[in-house]
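Chain and residue survey
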Amino acid sequence: MNSNTAFDVVLLGEPLVEISTTQPFAHGTSSVLGVSGDVVNAGAAAAAAGASVALVARVSNDELGDAVCARIRSLGIDDTFVSRVDGQQGAYFLHIDPLGQRQFSYARTGSVGSGLDVSDVPADVLAAAGAVLGSGITAALSDSARRALAFAAKNASTFVYDPNFRPRLTTAAESVNFLREIAPHCSVVVPSAPGEIDDLLGITDPQAAAARLMEWGANAVAVTQGSEGIIVVTGDDVRFQPSIPAPAVVDQTGAGDVFAGTLTARIALGDSLLDATALAASAASLSVGGRGGTGLIASLDEVRAHRDRLAV
C-alpha cells in the first residue's frame, strides 16, 4: 500500500519482542518468544474488529526486526510505515503467575523504537484515517516520540488517546503535562480507574475524572474500571457499560490495549461511542484467556456473540 491509501485506524508506537515465562525470572527458566507492545496489541484488536490498520513505528534492521514485521503482518496490520533502523530492538520480559498477574522487566532504553520522530509520521495518512490511536507509552519513550504523537493528535480528524501511565517509563507530572497539551485534540480519552486517574489527576471518582479531562478540552471520555464496568461521558450525557466477565483468565497482558484498539476501530467504522465501548469491553474480556499481548485476539463475530450472550 502507499501513502495515498486511506486506513480506518493508524497507530504510532513501539513494537516489542516479548519473552514470557510462567516461572519466576531465573537462569534456565523456560520461556516463549513473541511480539507484543501496546501498539501491536491494539492494532491486532482493531484489525480483528473489522478495520484496515496501519502502524507507524521503527524496528531494528536485523533478524529480530524481521520477526516483528512478520508478526505484525500476520495480525492484519499494514507495515508500510514501519521503518527499519540499525540498532537495538526493544524487548520486555514477562512473568505470568497462575492467576494471570504479571511482572515486567523492560529492555528498551535507547531502542530504535524510541527514536520515532515527526519525520516518520505521514501527515496525509493521518488526515485520511478514520481514527488515529495514541498511547502514553509512546509519549514516554523519548522527546522525539512525544513530538511525533503530539503531531499526530493535532493532524488527525479523530484522535483516541489511552494515557497508559507506566511509572517505570515516566513521571506522573510529565504524563499530565502531555495529556493537557493534547486533550483539546482528543475525540476520546480512555483512562483507567482507580489507579491511573488517581495517579494523574488526583481524582478517584471516574465521573469527576472525566469531567476534568473534558474541562481540558477532550470531546468524550470512557473510564474503564475493571470488573466495575465503564463510565462513558459525552457532553452532559453519562452512561454506564457493565463489565463483561472473562470466560478464562490466563494472562491480563494487553487487555487495556485490546479495549482501546477495538473501540477506536468501531468508532472509525461508524459505531456510536457507547456501542463501540460495549464491543471493546467484550474483546478485552476474551483477550485475557490467551498468553501474551496477542495470545487471544477474538474475531468480531466472537466478540459480538460474547457481548450478546452476557448482555443484561
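Relevant structure appears above.
We now turn to the structure provided with this report. (Residues numbered from 1 in each chain as written. Predicted model: local features only at pLDDT ≥ 70, side-chain atom pairs only at ≥ 80, totals over all residues. Heavy atoms only, no water.)

1. Examining the pattern of salt bridges
As enumerated under the stated definition, the model contains 11 salt bridges in all. Note that Arg84 and Asp66 form a salt bridge whose closest N and O atoms lie 2.8 Å from each other. Linking Arg84 in strand β6 (residues 82-85) with Asp66 in helix α2 (residues 63-74), this pair joins segments that are 18 residues apart in sequence. By relative accessible area, Arg84 is classed as partly exposed at 32%. In this structure Asp66 comes out as partly exposed when scored by relative accessible area, which is 42%. (Salt bridge = Lys/Arg side-chain N within 4 Å of Asp/Glu carboxyl O. Helix = DSSP H or I, 4+ residues; strand = E, 2+ residues; numbered from the N terminus. Buried < 20%, exposed > 50% of the residue type's maximum accessible area, 1.4 Å probe, protein only.)

2. Thoughts on the packing of aromatic side chains
Counted under the stated rule, the structure contains 4 aromatic pairs. Pairing Phe7 with Phe81 gives two aromatic rings, centres 6.2 Å apart and planes at 85 degrees, and the pair type is edge-to-face. Of this pair, Phe7 sits in the segment before β1 (9-12) while Phe81 is found in the loop between β5 (77-78) and β6, placing the two residues 74 residues apart along the sequence. Phe81 matches Phe7 in its accessibility class, with the two residues each being buried. Plain terms: the ring middles of Tyr92 and Tyr106 are 5.9 Å apart, the flat faces sit at 40 degrees to each other, and that makes the pair tilted. Of this pair, Tyr92 sits in strand β7 (residues 91-96) while Tyr106 sits in strand β8 (residues 102-107), placing them 14 residues apart in sequence. Tyr92 gets classed as buried once you look at its relative accessible area, which sits at 3%. A residue is classified by how much of its surface remains accessible, and Tyr106, at 27% relative accessible area, is partly exposed. (Phe/Tyr/Trp six-rings, centres within 6.5 Å; stacked < 30°, edge-to-face > 60°.)

3. Looking at helix α8 (residues 206-215)
For α8, the complete set of buried residues consists of Pro206, Ala209, Ala210, Leu213 and Met214. With its buried residues spanning 135 degrees around the axis, α8 presents them on a single face. Turning to α8, the residues buried within the fold contact α6 (172-182), β11 (188-189), α7 (195-201), β12 (220-224) and β13 (230-234). Remark: Gly217 follows α8 within two positions and exhibits a positive phi of approximately 125 degrees. (Arc of directions from axis to C-beta. Contact = heavy atoms within 4.5 Å.)

4. Some words on the packing of helix α9 (residues 255-268) against helix α10 (residues 273-287)
To characterise two packed helices, one gives the angle between the axes of the helices and the distance between these axes. Axis separation between α9 and α10 bottoms out at 8 Å; the angle between their running directions is 145 degrees. The handedness of the crossing between α9 and α10 is right-handed. Here α9 contributes Ala255, Val258, Phe259, Thr262, Leu263, Arg266 and Ile267 to the contact with α10, which in turn contributes Leu273, Ala276, Thr277, Leu279, Ala280, Ala281, Ala283, Ala284 and Ser287. Residue composition of the contact of α9 with α10, by class: 12 nonpolar, 3 polar and 1 charged. (Axes fitted to C-alpha atoms, helices over the stretch in contact; angles between N-to-C directions. Left-handed = near helix turned anticlockwise from the far one by under 90°. Nonpolar A, V, L, I, M, F, W, Y, C, P; charged D, E, K, R; others polar.)

5. Section: the environment of Phe81
Residue Phe81 is classed as buried on the basis of its relative accessible area, which comes to 12%. Once the C-alpha coordinates of Phe81 and Pro122 are considered, the two residues, 41 residues apart in sequence, prove to be 8.1 Å apart.

6. Some remarks on the pairing of β1
Two faces, one strand: in a regular strand the side chains alternate between the faces of the sheet. Here β1 shows no split at all, with Val9 and Leu11 on one side and Val10 and Leu12 on the other all buried. Note that β1 and strand β4 (residues 53-60) share 4 bridges and pair parallel. Bridged to Val9 within β4 is Val53. Bridge count for β1 against strand β9 (residues 131-135) is 3 bridges, and the pairing is parallel. For Leu11, the partnering residue across the bridge sits in β9 and is Leu133. (Pairing = 2+ DSSP bridges.)

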